[in-house]
Amino acid sequence: VNIINFRLLKSYLPMDALVMAGGRGTRLSPLTDTVPKPLLKVGDKAIIDHNIDRLRSFGIDDFHISIRYLGEQLEEHYKRRALPGINLNFVWENEPLGTLGGASLIEQFHNDYVLITNSDLLTTLDYEDFFLDFIEKEADMSVASVPYQVDVPYAVLEMNNDRVISFKEKPSYTYQSNGGIYIVKKELLEQIPRNQFYNATDLMEKLINEASKLITYPIYQYWLDIGKPEDFAKAQSDIKRIDL
C-alpha cells in the first residue's frame, strides 16, 4: 500500500524500470576513463539521475540498474544519494550482454510491464502517454522513436530496369529511428537467453518473425543521445532551458 501525492507526481505507472548503465562510453574518452558515462554531470546532476528522477516523477518506484564498467562507482553513488520509497536493484554483468541481455539476470519484476531505457539519454518524453498508447493498442512491445533526417546532395533516380522514369533533385527523407526506450510485457523478458549477449533489436526481430505486436511511439518532445563529445557539449547547453 502506498500513499500517493499527485501534487508531487505526474502519474503512478505500474511498471518496473530497467536502466542499462554498463557500457564503456569509449567515444567520450578521456572523460569516461575514470568515471562511468552515466555519472558524468549534465548541469549539476549526473546523466543517470536526470533519467531516474524523471521516471520517479511518473510514479515508477521499482528500478533495476544493469552495470558493468566501473559499476562500483554507481553502487557508491546510490549509497550516498537517498531515494526514499524506491526499490533499487543492481544487476552485474560479468561480460558485456548488449542492450537487453542484462534483463535475463533479474530474478523478479514487481509489475506486469517493464520500461527499458539507456542511461545516457536526456528526454522530456511523456512516459504516461507512452504507457497508455502501449495499453490502448494492446502491444507486446513498444519502441520509442525519434525522427532522423537524411539529406541527399544529388538527384535521386527512380529506375525501371535501366530506364529512368522520374527523379527528385536533392531530396530529404525522414525516418523513424530507435530512441533507446522501450516498454515490454514482463513475460517476454523470460525468453531472453540467460547471461548471453542480446540486444533489444534481437527481441524486436523475434517479435516481427512471430507476428507479435511490435509498435512504435514517436517522441515529439526533447530527446538527446549523449554518445559523442559534441552531444555532451550540447547537453550542457540544453539543460539550461529544458524542464526534465
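Residues numbered from 1 in each chain as written. Predicted model: local features only at pLDDT ≥ 70, side-chain atom pairs only at ≥ 80, totals over all residues. Heavy atoms only, no water.

Colleague: Describe the overall build of the protein chain, with residues and values.
Modeller: Secondary structure summary: the protein chain contains five helices and 13 strands in total. The C-alpha atoms of the protein chain give a radius of gyration of 20 Å, which matches the 18 Å a tight globule of 244 residues would have. Its C-alpha atoms give the protein chain principal-axis dimensions of about 65 × 40 × 40 Å. In the protein chain, of all internal contacts separated by at least 6 residues, the share reaching a separation of at least 24 is 76%. Only carbon and sulfur atoms are counted for the fraction: they give 50% of the accessible area of the protein chain, which is about 13200 Å². Averaging the locations of the 26 positively and 36 negatively charged side chains of the protein chain gives two centres separated by 5 Å. (Helix = DSSP H or I, 4+ residues; strand = E, 2+ residues; numbered from the N terminus. Rg over C-alpha atoms; globule rule 2.2 N^0.38 Å. Contact = heavy atoms within 4.5 Å. Areas by Shrake-Rupley, 256 points an atom, 1.4 Å probe, with all protein chains shown as cover. Lys, Arg positive; Asp, Glu negative; His and termini not counted. Charge placed at Lys NZ, Arg CZ, Asp CG, Glu CD.)

Colleague: Break down the sheet that holds strand β1 (residues 15-20) for me, with residues and values.
Modeller: Reading across the sheet, the seven strands line up as β5-β4-β1-β6-β11-β8-β12 and stay open at both edges, with mixed pairing between neighbours. Both edges of this open sheet fall to β5 (87-92) and β12 (214-218), since each of them pairs with a single strand only. For this sheet the average axis-to-axis angle between neighbouring strands, irrespective of direction, equals 30 degrees. By the bridge criterion, five bridges tie strand β8 (residues 141-151) to β12 in an arrangement that is parallel. Looking at the pairing, S142 lines up with I215 of β12. Along the sheet, helix α1 (residues 47-57) makes contact with β1, β4 (62-67) and β6 (113-118), crossing β4 at roughly 160 degrees. The sheet strands contacting helix α3 (residues 127-136) are β1, β6, β8, β11 (172-185) and β12, and the helix crosses β11 at an angle near 80 degrees. (Pairing = 2+ DSSP bridges. Axes fitted to C-alpha atoms, helices over the stretch in contact; angles between N-to-C directions.)

Colleague: Now, about a nonpolar patch on the surface: what can you tell me, with residues and values included?
Modeller: On the surface, a nonpolar cluster with roughly 390 Å² of combined accessible area is contributed by L157, M159, V164 and F167. As for its placement among the helices and strands, V164 is situated in strand β10 (residues 163-168). Given a relative accessible area of 41%, V164 falls into the partly exposed group. (Patch = residues over 30% accessible without salt bridge, like charges linked within 9 Å, V, L, I, M, F, W, Y side chains within 5 Å. Salt bridge = Lys/Arg side-chain N within 4 Å of Asp/Glu carboxyl O. Buried < 20%, exposed > 50% of the residue type's maximum accessible area, 1.4 Å probe, protein only.)

Colleague: Just give me the short version of the pattern of salt bridges, but keep the residues and values in it.
Modeller: By the definition in use, this model includes 15 salt bridges. The closest approach of N and O atoms between R24 and D33, which form a salt bridge, is 3.2 Å. Classification of R24 as partly exposed rests on a relative accessible area of 33%. On the basis of relative accessible area, D33 is assigned to the partly exposed category, the value being 37%. As a salt-bridge pair, D238 and R241 come within 3.1 Å of each other at their nearest N and O atoms. Taking the relative accessible area as the measure of exposure, D238 reaches 3% and is therefore buried. Connected through salt bridges with shared partners, the residues K45, D49, D53, R56 and R81 form a single ionic network.

Colleague: Residue-level account of the pairing of β10, with values.
Modeller: In terms of burial, β10 is largely open, as just zero of its six residues are buried. One ladder, built from five bridges, connects strand β9 (residues 156-160) with β10; its direction is antiparallel. Paired with L157 across the bridge in β10 is F167. Hairpin connection of β9 to β10: two residues between the antiparallel strands, including N161 at a positive phi of 60 degrees.

Colleague: If you had to explain helix α2 (residues 71-80) to someone new, which residues and values would you point to?
Modeller: Those residues of α2 not exposed but buried are G71, L74, H77 and Y78. In an axial view of α2, the angular spread of the buried residues amounts to 110 degrees, which keeps them on one side of the axis. Opposite the buried face of α2, by more than 90 degrees, sit the exposed residues K79 and R80. Contacts made by the buried residues of α2 are with α1, β4 and β5. (Arc of directions from axis to C-beta.)

Colleague: Break down the nonpolar core for me, citing the residues and quoting the values.
Modeller: The biggest cluster of nonpolar side chains holds 34 residues, and the ones touching the most others in it are I48, F63, I65, L115, Y127, F130 and I181. Broken down by element, the residue count for this core peaks at four residues, all from α3. What I181 contacts, discounting residues up to four positions off in sequence, is L115, I116, T117, L121, T123, L125, Y127, F130, S142, V143, A144 and I219. In this structure, I106, V143, A200 and L203 belong to the second largest nonpolar core, which totals 23 residues. (Core = buried A, V, L, I, M, F, W, Y, C linked by side-chain atoms within 4.5 Å.)

Colleague: So what's going on with the environment of V42? Residues and values would help.
Modeller: Turning to its location among the elements, V42 is positioned in strand β2 (residues 41-42). Accessibility expressed as a relative area gives 0% for V42, which makes it buried. Residues V42 and Q236 lie 194 residues apart in sequence; the distance between their C-alpha atoms is 5.5 Å.

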